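Chain by chain, the residues run as shown.
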Amino acid sequence: QVQLVESGGGLVQAGGSLRLSCVASGSTFSINAMGWYSQAPGKQRELVALISDGGTTIYADSVKGRFTISRNNAKNTVYLQMNSLKPEDTAVYYCYARRPFNRMYWGQGTQVTVSS
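As the structure is a prediction and not an experimental result, all values here were calculated from the model.

**Some words on the nonpolar core**
Membership of the largest hydrophobic core comes to 28 residues, with the highest contact counts inside it found for Leu-4, Met-34, Trp-36, Leu-80, Met-82 and Tyr-93. For this core, the elements supplying multiple residues, two or more each, are β1 (2-7), β3 (18-26), β4 (33-39), β5 (46-52), β7 (67-72), β8 (77-82), β9 (91-99) and β11 (110-115). Look past the residues within four positions of Leu-80 in its chain and what remains in contact with it is Leu-18, Arg-19, Leu-20, Trp-36, Val-48, Ala-49, Phe-67, Thr-68, Ile-69 and Tyr-93.

As structure tokens, then:
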């Protein structure tokens, strides 16, 4: 099993920045990808950014150029630096980890609210 704990959400004005962090514990040795999903009220959870254990990254088109995902494998931590935030970025952000055989794990979520 893998446990994920997020931190760093909050309230920020449009144009501001936030940095989310997620620490993994438990069976972290076989995690091959970590990332972030977001879920706005009334909408489905969707991918924001993903990073593989080799450092390959994937971003949603809506955040390219504004968000940066990074990973510290030694600390089992993934980060999401969010710049130039927009009101439409408001959502609960969930940390995600994947192990072989498509075993997926989720954090409890952290609220990000961007005011206009």
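Further notes follow.
**Brief notes about unusual backbone geometry**
For Ser-84, which is not glycine, the phi torsion reads 50° and is therefore positive. Summarising the element assignment, Ser-84 is placed in the loop between β8 and β9. Even without a glycine there, the phi angle at Phe-101 is positive, about 65°. Relative to the helices and strands, Phe-101 resides in the loop between β9 and β10 (103-106).

**Here's the deal with the sheet that holds β1**
If you walk across this open sheet you meet the four strands as β1-β3-β8-β7, and the pairing is antiparallel. Looking at which strands have only one partner, the edges of the open sheet turn out to be β1 and β7. Neighbour-to-neighbour, the strand axes of the sheet open up by a mean angle of 15°, direction not taken into account. Sheet topology places β3 next to β8; six bridges connect them, and they run antiparallel. Counted as the bridge partner of Leu-18 is Met-82 from β8.

**Here we look at the packing of aromatic side chains**
If you walk through the whole model with that rule in mind, you get three aromatic pairs. Taking 5.0 Å as the distance between ring centres and 75° as the angle between the ring planes, the aromatic pair formed by Tyr-37 and Trp-106 counts as edge-to-face. Here Tyr-37, found in strand β4, pairs with Trp-106, found in strand β10; they are 69 residues apart in sequence, far enough to count as distant. Classification of Trp-106 as partly exposed rests on a relative accessible area of 35%. Ring plane angle 50° and centroid distance 5.1 Å describe the contact between Tyr-96 and Trp-106, whose orientation is recorded as tilted. Residue Tyr-96 is found in strand β9, and its partner Trp-106 is found in strand β10; the two are separated by 10 residues along the sequence.

**Quick look at the pattern of salt bridges**
In this structure the tally under the stated criterion is two salt bridges. Notably, a salt bridge pairs Lys-64 with Asp-61, separated by 3.1 Å at the nearest N-O pair. On the basis of relative accessible area, Asp-61 is assigned to the exposed category, the value being 64%.

Rules used in this analysis
- Residues numbered from 1 in each chain as written.
- Predicted model: local features only at pLDDT ≥ 70, side-chain atom pairs only at ≥ 80, totals over all residues.
- Heavy atoms only, no water.
- Core = buried A, V, L, I, M, F, W, Y, C linked by side-chain atoms within 4.5 Å.
- Buried < 20%, exposed > 50% of the residue type's maximum accessible area, 1.4 Å probe, protein only.
- Helix = DSSP H or I, 4+ residues; strand = E, 2+ residues; numbered from the N terminus.
- Contact = heavy atoms within 4.5 Å.
- Pairing = 2+ DSSP bridges.
- Axes fitted to C-alpha atoms, helices over the stretch in contact; angles between N-to-C directions.
- Phe/Tyr/Trp six-rings, centres within 6.5 Å; stacked < 30°, edge-to-face > 60°.
- Salt bridge = Lys/Arg side-chain N within 4 Å of Asp/Glu carboxyl O.

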